[in-house]
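Analysis of the macromolecular model
So the chains spell out like this:
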Amino acid sequence: MIKETGRGGASNGLTRRGFITGTGSILGAATLGMPRASARTRAASIAHGAHVPVLVIGTGYGGAVAALRLAQAGVPVHLLEMGMAWDTPGPDGRIFCNTRSPDHRAYWLRTRTKAPLNYFLGSSIDRDVTRHTGVLDAEEFGGIIVYQGRGVGGGSLVNGGMAVTPRRENFAGILPSVNADEMYGVYYPRANAELGVSAVDPAWFDATPYYQYARVGRKHAQRSGFRFTFVPDVYDWDYMKREEAGTVPKSALAAEILYGNNHGKRSLQQTYLARARATGRVAISPLHRVTAVVPDGARYAVTAEQLDTAGNVTATKTVTADRVFFAAGSVGTSKLLVKLRATGALPRLNDEVGRGWGDNGNVMCGRANHMWDATGARQSAIPCAGIDNWAAGGAFAEVAPLPVGIETYASFYLSITRNPHRARFSWNAAAGRVELDWQTAWKQPSIDMAKTIFDKINATEGTIYRTDLFGVYKIWGDHLTYHPLGGAVLNRATDGHGRLHGHPGLYVIDGALIPGNTTVNPFVTITALAERNIEKIIATDLR
Ligand code: FAE
């Protein structure tokens, strides 16, 4: 067993029960004279040597669902999260920084920003920042940059909140082994209700200057014969109306997106995780990065590195758990499992672990509009509309904002496409890291599918693509994804409910289960699948 080392690993004198009930660091922080954490995200710090019935790795959608439902069933749960708690305002009074002025809070351990849309008018907009455990990770693999949220709440901290249930006729292609009647009758409605999903008021949409860009998107889509759809979101639309009225602090209407929203967005901190905490059976240790899970008799020994906000390891702790849920996201879970199988820690994981990874077909582009189609200097950072050409062209395009604060005459889109390519994670023993064999050229099918929409719109409108948003004379944002999916696919690496083959008591419950594509934005499907699986696991494994 690895020994706890260095500072920060001690339990601040609290009992194990204290940590399990989630009161730990409130006292610790008060003693150290640090800002008082808000009640919504009180953080703990698990003690070296502790035993917990259930340990969850990661606090995104899958982890949050597991925590809430297990706790409601009476099971104490401890979550380990590599990112920060994001519960304490900085000197500027804000927890998160603004998209237009990223600071150290923006990026996970980088000294220079890595903006997804990193050029404007042909010049790079990236800037130097202090290395910090910031909220957005731009994780670079050989052929793709994978953007992910880091902190208590996972991707819900940084995402656009677009909460889309796939069209039912597409579901068999997303999760072929899952009963669609159950998903659409029970688990999608449950996920949408718990996440607080709702749609923009169409009358307000038609009136507010903040959605002029989306109205231009609608006009262009409809004039080319495409289906335009409103897209539900977890943002509080009444709050957004009050932002416009000037009665509350602005968030969506002040360009808060990507690096966190200070108001208005219902992230997991406000929904699943708040309700999980309210049970009194859930504790979360932020800044704890899991590095190993190994069998330890009938239990598992889990090793985690405790980090400071510069990313230094301040302690290494080992705890034991009867059951471990991998909820570190598609990339985090896949990397851990591939490493643990290759290094002999979990030798009985099967050959499917690491396979079936996809980018949800993400590709971005912009179009240059005519002067009479201004998209507005004021833009809500929360998208609310999409163009659905999935059946005919294999593309669903979000009409996305470009909230740079000036008139750009640009329409900007993130397309989700039916890209057939799937990549594999593998262990590079010499380098001591997990690699992903995705190739940039594999985005070409996505570009071709997105073009089924935008070539036609450009032809109808007499417009052209922007070439200044992703480099110099570069049209397509084909270097990235926001939507990593797969790597421990349901019914292949696991059984039909996420139990990992070969090691009883280990589960996958996040986007790693989904084989590469959801046809739309993925977090509602990740949440609904987690709801389905945890219900079965509680009924059969924990009774
Ligand atoms: P995720 O939410 O990524 O949570 C995993 C957690 O595990 C993270 O907090 C990690 O820090 C943590 N973790 C990883 N490794 C470790 C480790 N070794 N030890 C401890 N903790 C660890 O996973 N989706 C939509 O549906 N609609 C949108 O509008 C949307 N917009 C997006 C915008 C951006 C910029 C990004 C980056 C993503 C967006 N997504 C959107 C994707 C969505 O956030 C993502 O699919 C989910 O967050 C994935 O949920 P998981 O539970 O799989």
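Residues numbered from 1 in each chain as written. Predicted model: local features only at pLDDT ≥ 70, side-chain atom pairs only at ≥ 80, totals over all residues. Heavy atoms only, no water.

Focus on the overall build of the protein chain
Basically, it comes down to this: Strands here mean DSSP runs of E at least two residues long; helices mean DSSP runs of H or I at least four residues long; both are numbered from the N terminus. For the radius of gyration, the atoms used are the C-alpha atoms, and the globule rule reads 2.2 Å times the number of residues raised to 0.38. Buried means the residue's accessible area, taken with a 1.4 Å probe over protein chains only, is under 20% of the maximum for its type, while exposed means over 50%, and partly exposed covers the values in between. It only takes one pair of heavy atoms within 4.5 Å for two residues to be counted as in contact. Each accessible area is a Shrake-Rupley estimate made with a 1.4 Å probe; only the visible protein chains count as cover when residues are assessed. Positive charges come from Lys and Arg, negative ones from Asp and Glu, while His and the chain ends are left out of the count. Working definition for charges: the position is that of NZ of Lys, CZ of Arg, CG of Asp or CD of Glu.
Summing up its helical and strand segments, the protein chain has 13 helices and 20 strands in all. Against the 2.2 N^0.38 benchmark of 24 Å for 543 residues, the protein chain shows a C-alpha radius of gyration of 22 Å, consistent with a compact globule. Oriented by its inertia axes, the alpha-carbon framework of the protein chain measures out at about 70 × 50 × 45 Å. Among the 543 residues that make up the protein chain, the fraction classed as buried is 61%. Taking contacts inside the protein chain between residues at least 6 apart in sequence as the whole, the part at least 24 apart equals 73%. In the form shown here, the protein chain has an accessible surface area of approximately 19,400 Å², with 53% of it arising from carbon and sulfur atoms. With 58 positive and 45 negative side-chain charges, the protein chain shows a separation of 3 Å between the mean positions of the two kinds.

A closer look at the side chain of D478
To keep things clear, this is the line we draw: Definition of a polar contact: a pair of N or O atoms within 3.5 Å, with one able to donate and the other able to accept a hydrogen when the atoms are protein atoms, and with sequence-neighbouring residues admitted only if both atoms are side-chain atoms.
Of note, D478 is situated in the loop between β18 (464-465) and β19 (480-481). Within polar-contact distance, the side chain of D478 engages the side chain of K474 at 2.8 Å. If sequence neighbours within four positions are ignored, D478 has contacts with V363, T440, K443 and I447.

Considering the site of the ligand
For the record, the criterion: Any residue with at least one heavy atom within 4 Å of a molecule or strand is counted as near it. Just so you know the grouping, Ala, Val, Leu, Ile, Met, Phe, Trp, Tyr, Cys and Pro go in nonpolar, Asp, Glu, Lys and Arg go in charged, and all remaining residues, Gly too, go in polar.
Near the ligand you find 37 residues, and of these E81, G155, M162, G511 and F523 are the closest. One nitrogen or oxygen atom from the side chain of R150 is found 3.2 Å from an oxygen atom belonging to the ligand. Computed on the free molecule, the ligand has an accessible area of 1,000 Å², of which 95% lies beneath the protein chains in the complex. Contributions of two or more residues to the shell around the ligand are made by α3 (61-72), β6 (145-149), β9 (288-296), α10 (329-342) and α13 (523-541). Considered class by class, the residues forming the shell around the ligand number 16 nonpolar, 17 polar and 4 charged.

Brief notes about the sheet that holds strand β13 (residues 385-389)
To be explicit about the condition: We treat two strands as partners when DSSP finds at least two bridges between them. All axes here are fitted lines through C-alpha atoms, helices being fitted over the stretch that makes contact, and every angle between N-to-C directions spans 0 to 180 degrees.
Within the open sheet, the 6 strands sit side by side as β7-β13-β14-β15-β12-β18. Their pairing is antiparallel. If you trace the sheet from one side to the other, it starts and ends with β7 (227-230) and β18, each paired once. Two elements, strand β14 (residues 395-400) and strand β15 (residues 410-417), share 6 bridges in a ladder whose sense is antiparallel. Pairing of A400 across the sheet is with F412, part of β15. Relative to strand β12 (residues 363-368), helix α12 (residues 444-461) is tilted by about 10 degrees, and along the sheet it contacts β12, β13, β14, β15 and β18.

Describing α13
The test is simple: By this rule the span expected of a helix is its residue count minus one, scaled by 1.5 Å.
An ideal rise of 1.5 Å per residue puts 27 Å on 19 residues; α13 measures up with 26 Å between its terminal C-alpha atoms. Counted residue by residue, α13 has 15 buried out of 19 residues, so it is predominantly covered.

Observations regarding the pairing of strand β11 (residues 313-326)
Among the 14 residues of β11, 11 are classified as buried, and the element is accordingly described as predominantly covered. With 8 bridges joining them, strand β10 (residues 299-307) and β11 adopt antiparallel strand pairing. Paired with Y300 across the two strands is A321, which belongs to β11. If you look at the hairpin formed by β10 and β11, you'll find 5 residues sitting between the two strands, and G311 has a positive phi there, around 90 degrees. One ladder, built from 3 bridges, connects β11 with strand β20 (residues 506-508); its direction is parallel. Paired with F325 across the bridge in β20 is Y507.

Details of unusual backbone geometry
Phi is positive for N360, close to 55 degrees, though the residue is something other than glycine. Looking at the secondary structure, you find N360 in the loop between α10 and β12. On the basis of relative accessible area, N360 is assigned to the buried category, the value being 0%. Notably, T519 is not glycine yet its phi reads approximately 70 degrees, a positive angle.

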